[in-house]
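# Analysis of the macromolecular model
Single-letter residue listing:
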Amino acid sequence: MTDATTFPSEAWFTSLADVMKQERGAYESLGSTDCTMVVQLDEAEGADLFELVFESYGVESIRCLKSIDEAAPDHFVVKASRAVWQEMIDNIISNGHPDLEHTLNFLTFPDDPMVVEGPDQLQIDAFFRYNQSLQLFFNGAAKVAAA
Amino acid sequence: MTKYSATVEDGIDGMREMAKGNFNLRWMDSNPEGWGQEVTPSQDGLRLENIEKGHYAKVPEFGSRHGSMAPRGCYVPDETPGLDQYTLNEMSEVWSENAAALYDEAVVRQWNSVTDIPWHKLEKLPDDIEKSVCQMCTGLTEVEFVAGDMPAQWLHRINHDFHEVKLFLATQIMDEARHMDVFRKRALANGGGLLSASPANQDLLGAILTAGDYTTASALMHIFGEGFVLTLFRQGEFLAPTEVEKTIFRMCMQDEARHVAYGVKHLQYLLERHPEREEEIHKVLDLGEQAIFALTIEPQTSEPRAILAGGGMDNIELGLARMAFIYQKQVKEYISRLKVAGLDRLPRITIPLEIPDLGLAA
């Protein structure tokens, strides 16, 4: 299934982008977001990659990538196993937001179970620069699930 | 007999002329090159980069010789006096290609410690945890405003033609004011208070404030100091016992990452044009590395974080072992940022890349 409520899929990320559009006011109070994030879900047989280009207060484009080489040159990658991603999303859905141990920073800071990578450190730093907005973006999972 | 000074008398004469309909109006056609500017706002509003086009985008390699506060791109009458204030007149001494974008980003990402932190969610914490949070906040209250004091002492030295940099640095001062205030508030807001200052902090803070020129001060502060603090903010969010601290550290993290981004791109811009200054940057980083190492192992800095990482005083050793990776991460990111800036620091680094095995069980 790849409907709008099933993680991960382009449709699911598009639903999150729709939530972002509907809740523009909340994003405006945080400030604009200009970065490219690649979400990588690792599995034994390979990885699923989704590129999300954030611009201003919305998502400019969402693409499923065959390989990381297809990503825009300026990007960072947030990678984890599919199970870890799913646990984070489920936690957000059940609480309406992540609990203290399921925020993006909490999961990525020790480089385990999630890790942030990129072509250079400045790109990786963009993940920190826009962290609150990216967290809010994923928090939209609760709204998508409830829809 | 003249009643007023010559200046006032001249002014009154001028007003009499205007009253007769004799206006000057030369200012209306004073800047034909700069007139008729076409501007298209970005989808999220009017950014600096939207207006700094054509005539106004010409940033001179050397700032105005007149040395006044006349805005870049306007007509400057010959009689405009200089202020004799600017010593940073070469673009490469301060410039960063992302300064304008970072300024706009900073002004739309401002927040405040009065209403943006969910203070009502503060909760009573065990004594060892509250003391650790308060000590961590004491240290951060102590260091944060150096990143306000440092740009403040250089701002009036920067030629007015480089306004993008001046504007960005002004936002940084405000950011740091907010950081100082939010950590002080957290220390005092939950039944605890400020704990111990850090003597080891002073070496690093002093080195930043007494650096001989802006670029070395910037390398030491924006890349080195703020880079290390950025990781501490991430760690703070990771260790935060409540939503209150989580929010504080996430907000501060965003601000700090902007400052680091300016510093990296500034150093890159400078070294591309003045590679001969590489050695001088290495030397100031030598100083910084020694100071940060002393700071890292100081009890006021390391122990509260170890208690939080272990989940309490009973597990402080476990917490210390868990925190060893923080230092490794800080050093790795520091070297990586310098690499982006064009400085290969790895062969020159004066501190260990990781904390030696202390025999602690993680």
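Residues numbered from 1 in each chain as written. Chains lettered and ligands numbered in written order. Predicted model: local features only at pLDDT ≥ 70, side-chain atom pairs only at ≥ 80, totals over all residues. Heavy atoms only, no water.

## Some remarks on the overall build of chain A
For clarity, the cut-off: Counting from the N terminus, the helices are DSSP H or I runs at least four residues long and the strands are E runs at least two residues long. Just to be clear, the radius of gyration here is over C-alpha atoms, and the globule rule we use is 2.2 Å times residues to the power 0.38. Accessibility here uses a 1.4 Å probe with only protein chains present; expressed as a share of the type maximum, an area under 20% marks a residue as buried, one over 50% as exposed, and anything in between as partly exposed.
Tallying secondary structure elements over chain A gives six helices and five strands in all. Traced from its N-terminal end to its C-terminal end, chain A shows the element sequence α-α-β-β-β-β-α-α-β-α-α. The C-alpha radius of gyration computed for chain A amounts to 14 Å, which stays within 12% of the reference 15 Å derived for 147 residues, consistent with globular compactness. Projected onto its principal axes, the C-alpha coordinates of chain A cover approximately 35 × 30 × 30 Å. For chain A, buried positions account for 55% of its 147 residues.

## Points about the interface of chain A and chain B
How large an interface is tends to be reported as the accessible area lost when its parts come together. The condition is simple: Every residue pair with non-hydrogen atoms within 4.5 Å of one another is taken to be in contact. Simply put, the buried area is the total loss of 1.4 Å probe accessible area from both parts when two parts are fitted together. Note on definitions: salt bridges are taken to be side-chain nitrogens of Lys or Arg within 4 Å of carboxyl oxygens of Asp or Glu. Side-chain atoms alone can form a polar contact between residues adjacent in sequence; in general such a contact is a pair of N or O atoms within 3.5 Å, and within protein one must be able to donate a hydrogen while the other accepts it.
Listed as interface residues are 31 residues of chain A and, on the opposing side, 36 residues of chain B. Together, F109(A), F128(A) and R129(A) form the three largest contributors to the area buried by chain A at its contact with chain B, with a combined 27%. Joining chain A to chain B, the criterion identifies four salt bridges. Viewed at the interface, chain B and chain A are joined by 19 residue pairs in polar contact (both at pLDDT 80 or more). Of all the secondary structure elements, the ones that give two or more residues to the side of chain A that touches chain B are α2 (24-30), α4 (104-108), α5 (121-129) and α6 (131-146) of chain A. Among the elements that take part in the side of chain A that touches chain B, α5(A) stands out by supplying six residues, more than any other.

## Concerning the pairing of strand β4 (residues 76-81) of chain A
All names here are of chain A. Keep this limit in mind: Two strands make a pair as long as DSSP finds a minimum of two bridges between them.
With five of six residues buried, β4 lies mostly within the body of the structure. In this sheet, β4 lies alongside strand β1 (residues 35-43) in parallel orientation, the contact comprising six bridges. Each bridged residue has a counterpart across the sheet, and for M37 the counterpart in β4 is F76. Relative to strand β5 (residues 115-117), β4 runs antiparallel, the two being bridged by three bridges. The residue bridging V77 from the neighbouring strand is E117, located in β5.

## Brief notes about the nonpolar core
Threshold: Residues belong to a common nonpolar core when they are buried Ala, Val, Leu, Ile, Met, Phe, Trp, Tyr or Cys residues joined through side-chain atoms within 4.5 Å.
F13(A), W85(A), F137(A) and F138(A) are the most contacted members of the largest nonpolar core, which has 135 residues in total. The leading source of residues in this core is helix α9 (residues 243-273) of chain B, at 15 residues. Those residues in contact with F13(A), other than ones at most four positions away along the chain, are F7(A), V39(A), F50(A), L52(A), I62(A), F137(A) and F138(A).

## Observations regarding the pairing of β1(A)
Residues and elements named next belong to chain A. Where burial is concerned, most of β1 is hidden: seven out of the nine residues are buried. Where β1 and strand β2 (residues 46-55) come together, nine bridges link them in antiparallel fashion. When the bridges of β2 are listed, E43 appears paired with G46. Once β1 ends, the chain turns through two residues before running back antiparallel as β2.

## Digging into helix α10 (residues 278-297) of chain B
Test applied: The length a helix should cover is 1.5 Å for every residue beyond the first.
Between its first and last C-alpha, α10(B) extends 29 Å over 20 residues, near the 28 Å set by a 1.5 Å rise per residue. Taken as a whole, α10(B) has its buried residues at I281(B), H282(B), V284(B), L285(B), G288(B), E289(B), A291(B), I292(B), L295(B) and T296(B).

## Brief notes about the pattern of salt bridges
Scanning the model with the defined rule gives 35 salt bridges over all chains in all. One salt bridge in this structure joins D125(A) and R337(B), with 2.7 Å as the shortest N-O distance. Of this pair, D125(A) sits in helix α5 while R337(B) sits in helix α12 (residues 316-341), which puts the two residues in different chains. The residues D125(A) and R337(B) share a single accessibility class, namely buried. Salt bridges here are not isolated pairs; linked through shared partners, they connect E279(B), D286(B), E289(B), R345(B) and R348(B).

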